[in-house]
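Structure assessment
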Amino acid sequence: AITAISCDKEDKVATDPPTDALSGYTMLGSQKINNDAWNVSLYMGEDPFVGYNYVAVRVSDEATGSMIEGATVSFMPMMDMGTMMHSCPYESPSYDSGMDAYMGTSTFIMPSTAGSWMFNIMVNNQGEMDTATFSIAVMAKPESKLYNFISDVDSTTAYFVALKEPMNPEIGLNDFELMIYKRMSMMSFPPVSDLKVKIDPEMPSMGHGSPNNVDPASMGEGLYQGKVNFTMSGYWKVNVTVSDNSDATLDDMGAFDITLK
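None of the values given here were measured: they were computed from a predicted structure.

As a further point, take the environment of Asn-124. When you line up the elements, Asn-124 lands in strand E8 (residues 116-125). Among the residues examined, Asn-124 registers a relative accessible area of 29% and is labelled partly exposed. Through-space distance from the C-alpha of Asn-124 to that of Lys-198 is 42 Å; in sequence the pair is 74 residues apart. Those residues in contact with Asn-124, other than ones at most four positions away along the chain, are Ala-71, Thr-72 and Met-129. One polar contact links the side chain of Asn-124 to the main-chain amide nitrogen of Gly-127, over a distance of 3.3 Å.

As structure tokens, this is what we get:
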């Protein structure tokens, strides 16, 4: 009897299917390109939203079913508003063997209610090139994960500030991370790393803030990392002030609404 129980356990372990590294991602579609020789699959960390999105792409060989790992993969998100078209900030991917996918990001700046988003994925594998194009729906979350402003210094330059963390806030000290981009043209939104950021969290219903917050500091490539302290559950407003490197205030009206259940 003891031997039989042991064998049953071993059989169960042997037959359990491996966990897909992208099992927590949302698959948005697959498309065959390069005369049906390649299959391109598009995933995002969740349903696409206005803000900072994680993007994963898998490219496989249709003949063998194996992943194509050595290709050059790039993105070009595009929004058609009828009278004009524009892109958004994005980071083209690199291959991640642990995820078995090409991993990048896209920061959508408008919801699909304002136009139509197309997500273009360009693949170059050993000199062969083709593009997969996906129509996607981008939603606006009830509590916005992105805001934009025109610089108070020159009244011209547009900046976009995206909340990267916390996406699942908890009571206590949380990582607070922002991505900041500048609009150079309707097709170019490079990250900006030479700014200064201050945060001031408040709980409007209770009339208080919180101690021990750490202003986000530039880590390069548009990323600013700090800490925010939520001392109790409920609705918080994290006010954000952005200045240039000479301490001239670019904007002091930005904020992120964050509700802890």
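Moving on from the model shown.
Let us now look at the nonpolar core. Judged by nonpolar contacts, the single largest core of 35 residues is most densely connected at Val-40, Leu-42, Val-57, Val-59, Phe-119, Ile-121 and Ile-136. With sequence-adjacent residues up to four places away left out, Leu-42 is seen in contact with Thr-26, Met-27, Leu-28, Gly-29, Val-55, Ala-56, Val-57, Phe-119, Ile-121, Phe-134 and Ile-136. Judged by nonpolar contacts, the second largest core, of 24 residues, contains Leu-178, Tyr-224, Phe-230 and Phe-256.

With that settled, consider the sheet that holds strand E4 (residues 72-80). Within the open sheet, the four strands sit side by side as E5-E4-E8-E9. Their pairing is antiparallel. If you trace the sheet from one side to the other, it starts and ends with strand E5 (85-86) and strand E9 (128-136), each paired once. As paired strands, E8 and E9 are joined by nine bridges and run antiparallel to one another. Bridge pairing in E9 links Asn-124 to Met-129.

Per the counting criterion, the structure on display carries five salt bridges. As a salt-bridge pair, Arg-58 and Asp-20 come within 2.8 Å of each other at their nearest N and O atoms. Remark: Asp-20 occurs in the loop between helix H1 (2-15) and strand E1 (26-33) and Arg-58 occurs in strand E3 (residues 51-61); sequence separation between them is 38 residues. Given a relative accessible area of 9%, Arg-58 falls into the buried group. Among the salt bridges present, the one from Lys-141 reaches Glu-46, with a minimum N-O distance of 2.8 Å. Separated by 95 residues along the polypeptide, Lys-141 in the loop between E9 and strand E10 (146-150) and Glu-46 in the loop between strand E2 (38-44) and E3 bring together distant segments of the chain.

Turning to the pairing of strand E12 (residues 172-182), a few remarks are in order. Most of E12 sits out of view: eight of its eleven residues are buried. In this sheet, E12 lies alongside strand E11 (residues 158-165) in antiparallel orientation, the contact comprising six bridges. Residue pairing for E12: Ala-162 is matched across the bridge by Met-179. Counting the residues that bridge the hairpin from E11 to E12 gives six residues. Note: E12 against strand E15 (residues 223-230), eight bridges, orientation antiparallel.

Along the polypeptide, Lys-182 turns up in strand E12. In this view, Lys-182 contacts Thr-157, Ala-158, Tyr-159, Ser-188, Phe-189, Pro-190 and Val-192; residues no more than four positions away in its chain are not counted.

Turning to the side chain of Asp-251, a few remarks are in order. Locating Asp-251 in the fold gives a position in strand E17 (residues 249-260). Summary of buried charges: Asp-251 has no salt-bridge partner, and the nearest side chain of opposite charge, Lys-237, is 11 Å away. Here Gly-254 takes part through its backbone nitrogen, which lies 3.2 Å from a polar atom of the side chain of Asp-251. Excluding anything up to four places from it in sequence, Asp-251 contacts Tyr-147, Phe-149, Asp-152, Val-240, Thr-241 and Val-242.

So, about the sheet that holds E12. Spatially, E10-E11-E12-E15-E14 is the arrangement adopted by the five strands of the open sheet, whose pairing is antiparallel. Looking along the sheet, the strands with just one partner apiece sit at the ends: E10 and strand E14 (214-220). Strand-to-strand twist across the sheet, computed as the mean angle between neighbouring axes with direction ignored, equals 25 degrees.

Time to look at the environment of Met-27. Examined against the element boundaries, Met-27 turns out to sit in strand E1. Residues Met-27 and Val-57 lie 30 residues apart in sequence; the distance between their C-alpha atoms is 9.5 Å. When neighbours within four sequence positions are excluded, Met-27 is seen to be in contact with Ser-41, Leu-42 and Tyr-43.

In this section: the packing of aromatic side chains. Under the defined criterion, the tally for this structure stands at ten aromatic pairs. Considering the side-chain rings of Phe-149 and Tyr-159, the 5.2 Å spacing of their centres and the 20 degrees angle between planes classify their relative orientation as stacked. Here Phe-149 is found in strand E10, whereas its partner Tyr-159 is found in strand E11, with ten residues between them in sequence. The side chain of Arg-58 reaches across the aromatic face of Tyr-43, ending 5.7 Å from its centre.

Rules behind the numbers
Residues numbered from 1 in each chain as written. Predicted model: local features only at pLDDT ≥ 70, side-chain atom pairs only at ≥ 80, totals over all residues. Heavy atoms only, no water. Helix = DSSP H or I, 4+ residues; strand = E, 2+ residues; numbered from the N terminus. Buried < 20%, exposed > 50% of the residue type's maximum accessible area, 1.4 Å probe, protein only. Contact = heavy atoms within 4.5 Å. Polar contact = N/O pair within 3.5 Å; in protein donor to acceptor, adjacent residues only side chain to side chain. Core = buried A, V, L, I, M, F, W, Y, C linked by side-chain atoms within 4.5 Å. Pairing = 2+ DSSP bridges. Salt bridge = Lys/Arg side-chain N within 4 Å of Asp/Glu carboxyl O. Lys, Arg positive; Asp, Glu negative; His and termini not counted. Axes fitted to C-alpha atoms, helices over the stretch in contact; angles between N-to-C directions. Phe/Tyr/Trp six-rings, centres within 6.5 Å; stacked < 30°, edge-to-face > 60°. Lys NZ or Arg CZ within 6 Å of the ring centre and 35° of its normal.

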